[in-house]
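These are the residues of each chain, in order.
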Amino acid sequence: MTDTTTTKPECDPQFNLEHFLNGLTLQPMILGERAPRMPPPKGRSTMIPLQMRPGGYRNLEEIKAFECLDDEVTSFFSNFKDPIGNGEAFTTMKLSSQVPAKDVESMFLGNPYEVHAPSSALFVIERGPIKNVQQLVHTINPELRDHAFYTPARTAILNAQKVDPVYFCTFDASGAMSAVKCVVIALPPWNFSPQDFEDFTTMQAFSDGSTSRDGLSNDPPWRNADRMWAYLHDLCFIHECHHFVLTSYQQWAFGAFSTYYTTGFVTPTTPWDAKPKSVLELFTYWTLDACRTENTIMMEQVSTSDAPCHNDELLLVADLVETSPNAVMALYRAS
């Protein structure tokens, strides 16, 4: 007689979440033959879909490097106590394209992805890293199971930018997005090149432009990195959110804004196959930190240069989502 008893997977009684996450390595993403041509080495993209321009209303001024994240991540995950006690909730998790969990030392999440267009690149990021991070966040902090990564249809607001932000948020009784905690911007590498990433993560100052009497800007032309900082600033301001993730899949950056959006903080550029801290480990931690999870760094979003830039009573996200980007400028000027 055949034994049909289901055998539970063996779990390490000394399960270490930090070690488990270290082993989750993203699969490679390769550019297909029909993908747009990449810029030359050290070249900036000429195909960035952002049309942001200096407006004179943003009070973002300073960009600071945030380089201590690895130590915080190690401390948080190493000290994490699995409620079950043996890691079963993690080792039996069905991560996207995952190989058997026993091969944790070489856990590539499937075969290489091949992308040909921005939509396929976003699909890869949504169905791979983002889907996996959501599972990990829900398992680590069950109180966040009412939160999810969500990509809404493009609305009038910032629609001209032709970018599809992904929000980690909750939903109200009508099913509409609310309480945004983190914004993820995913652009393929031909839209935001390795050099653009380098510019973005090493910027130290931001200028929103000063204009002369004839209405012309007196400042140097913006690079792609300036446009991205402006876009993230406006998007986070509108949704009263501070944390963000920027990725081309091949490269990643994790950042946040200070309380009144006068200072941006950002990590160095992280490659897709980063070690010893994997992208999934950093991404999971940053999402938990955005939700003020206990024992994360709970980054103090305050800068010595911070000063209120708007009247909080004016910032009604529900009213803004159907308006034009001019509403953002109007809020700043009104205050």
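Remember, predicted model here, so these are calculated numbers, not experimental data. (Residues numbered from 1 in each chain as written. Predicted model: local features only at pLDDT ≥ 70, side-chain atom pairs only at ≥ 80, totals over all residues. Heavy atoms only, no water.)

Peer 1: How should I be thinking about the overall build of the chain in this particular structure?
Peer 2: From N to C terminus, the chain includes nine helices and 12 strands. Looking at the chain residue by residue over its 335 residues, the buried ones come to 50%. Excluding contacts between residues fewer than 6 apart, the proportion of contacts in the chain whose partners are at least 24 apart in sequence is 72%. By element, 50% of the accessible surface of the chain is carried by carbon and sulfur atoms, the whole surface being about 16,200 Å². (Helix = DSSP H or I, 4+ residues; strand = E, 2+ residues; numbered from the N terminus. Buried < 20%, exposed > 50% of the residue type's maximum accessible area, 1.4 Å probe, protein only. Contact = heavy atoms within 4.5 Å. Areas by Shrake-Rupley, 256 points an atom, 1.4 Å probe, with all protein chains shown as cover.)

Peer 1: Teacher, can you tell me more about the packing of aromatic side chains here?
Peer 2: Any pair of aromatic rings gets described here by the distance separating the centres and the angle formed by the planes. Inspection of the entire model under this criterion finds 22 aromatic pairs. Pairing phenylalanine 76 with phenylalanine 77 gives two aromatic rings, centres 5.0 Å apart and planes at 75°, and the pair type is edge-to-face. An identical accessibility class is assigned to phenylalanine 76 and phenylalanine 77; each is buried. Aromatic pair phenylalanine 200 and tryptophan 229: ring centres 4.4 Å apart, planes at 15°, arrangement stacked. Within this pair, whereas phenylalanine 200 is found in helix H5 (residues 194-202), its partner tryptophan 229 is found in helix H6 (residues 224-238), the two being separated by 29 residues in sequence. In this pair, the class of phenylalanine 200 matches that of tryptophan 229, namely buried. Counting every residue linked through ring pairs, the aromatic cluster contains Phe192, Phe197, Phe200, Trp229, Phe237, Phe244, Phe257 and Tyr261. (Phe/Tyr/Trp six-rings, centres within 6.5 Å; stacked < 30°, edge-to-face > 60°.)

Peer 1: Looking at this model, I keep getting lost on the state of the cysteines. Mind explaining?
Peer 2: Two cysteines whose sulfur atoms are joined by a covalent bond form what is called a disulfide. For the structure on display, the rule yields zero disulfides. With no disulfide of its own, cysteine 182 lies 6.0 Å from the sulfur of cysteine 241, the closest cysteine sulfur. Taking the relative accessible area as the measure of exposure, cysteine 182 reaches 0% and is therefore buried. Unpaired in this structure, cysteine 241 has its nearest cysteine sulfur neighbour in cysteine 236, at a distance of 4.4 Å. The exposure class assigned to cysteine 241 is buried, which follows from its relative accessible area of 1%. (Disulfide = S-S within 2.5 Å.)

Peer 1: What is the right way to look at the pattern of salt bridges in this model?
Peer 2: Should the charged atoms of two oppositely charged side chains come close, the side chains can pair. Counted under the stated rule, the structure contains six salt bridges. When the shortest N-O distance is used, the salt bridge between aspartate 199 and arginine 223 registers 3.6 Å. One end of the pair, aspartate 199, is in helix H5; the other, arginine 223, is in the loop between H5 and H6, with 24 residues separating them in the sequence. Given the relative accessible area of 32%, arginine 223 is considered partly exposed. (Salt bridge = Lys/Arg side-chain N within 4 Å of Asp/Glu carboxyl O.)

Peer 1: What should I look at first to understand unusual backbone geometry in this one?
Peer 2: For residues other than glycine, phi is negative in most cases, and the peptide bonds are mostly trans. Cis peptide bonds are those with omega within 30 degrees of zero, and the linkage from lysine 275 to proline 276 qualifies with 0°. Take proline 276: it is sitting in the loop between strand E12 (270-271) and helix H7 (279-290). Positive phi, close to 60°, is recorded for arginine 292, a residue that is not glycine. Take arginine 292: it is sitting in the loop between H7 and helix H8 (317-320).

Peer 1: Sorry, what's going on with the environment of serine 45 here?
Peer 2: Among the structural elements, serine 45 can be located in the loop between strand E2 (29-31) and strand E3 (62-65). Serine 45 sits 151 residues away from aspartate 196 along the chain, and the two C-alpha atoms are 7.2 Å apart. Those residues within four positions of serine 45 in sequence are excluded, and the remaining contacts are Pro39, Trp190, Asn191, Phe192, Ser193, Asp196 and Asn224. Reaching out from serine 45, the side chain makes a polar contact with the backbone oxygen of tryptophan 190 at a distance of 2.6 Å. Within the structure, the side chain of serine 45 is placed 3.2 Å from the backbone oxygen of asparagine 191, a separation counted as a polar contact. (Polar contact = N/O pair within 3.5 Å; in protein donor to acceptor, adjacent residues only side chain to side chain.)

Peer 1: Teacher, can you tell me more about the nonpolar core here?
Peer 2: The nonpolar side chains of soluble globular proteins are, as a tendency, buried together. In terms of nonpolar packing, the biggest core is built from 51 residues, with Leu17, Phe77, Phe90, Trp252 and Phe283 touching the most fellow members. Contributing elements (two or more residues each) for this core: helix H1 (17-22), helix H2 (69-78), strand E5 (113-115), helix H4 (118-140), strand E7 (166-171), strand E8 (177-186), strand E10 (251-257) and H7. Phenylalanine 77 has contacts with Leu17, Glu18, Leu21, Ile140, Glu281, Thr284, Tyr285 and Leu288, leaving out every residue within four places of it along the chain. Grouped together as the second largest cluster of nonpolar side chains are 34 residues, Tyr167, Phe200, Met228 and Ala253 included. (Core = buried A, V, L, I, M, F, W, Y, C linked by side-chain atoms within 4.5 Å.)

Peer 1: When you look at the pairing of strand E9 (residues 243-247) in this model, what are you seeing that I'm missing?
Peer 2: Consecutive side chains of a regular strand alternate in pointing toward one face of the sheet and then the other. Within E9, five of the five residues are buried, which leaves the element mostly enclosed by the surrounding structure. The pairing of E8 with E9 spans five bridges and is parallel. Bridge pairing in E9 places cysteine 182 opposite histidine 243. Connecting E9 to the next strand, E10, in antiparallel fashion are three residues, including tyrosine 249 with a positive phi near 75°. (Pairing = 2+ DSSP bridges.)

Peer 1: Explain the side chain of histidine 242 here, please?
Peer 2: Positionally, histidine 242 belongs in the loop between H6 and E9. On the basis of relative accessibility, which here comes to 17%, the residue histidine 242 falls in the buried class. A distance of 3.2 Å separates a polar side-chain atom of histidine 242 from the backbone oxygen of threonine 259.

Peer 1: Just to check I follow, could you spell out H5 for this structure?
Peer 2: An α-helical turn contains 3.6 residues, so any two residues separated by three or four positions project in the same direction. Looking only at H5, the buried set comprises Gln195, Asp196, Phe197, Asp199, Phe200 and Thr201. Packing partners of the buried residues in H5 comprise H6, E9, E10 and strand E11 (263-266).

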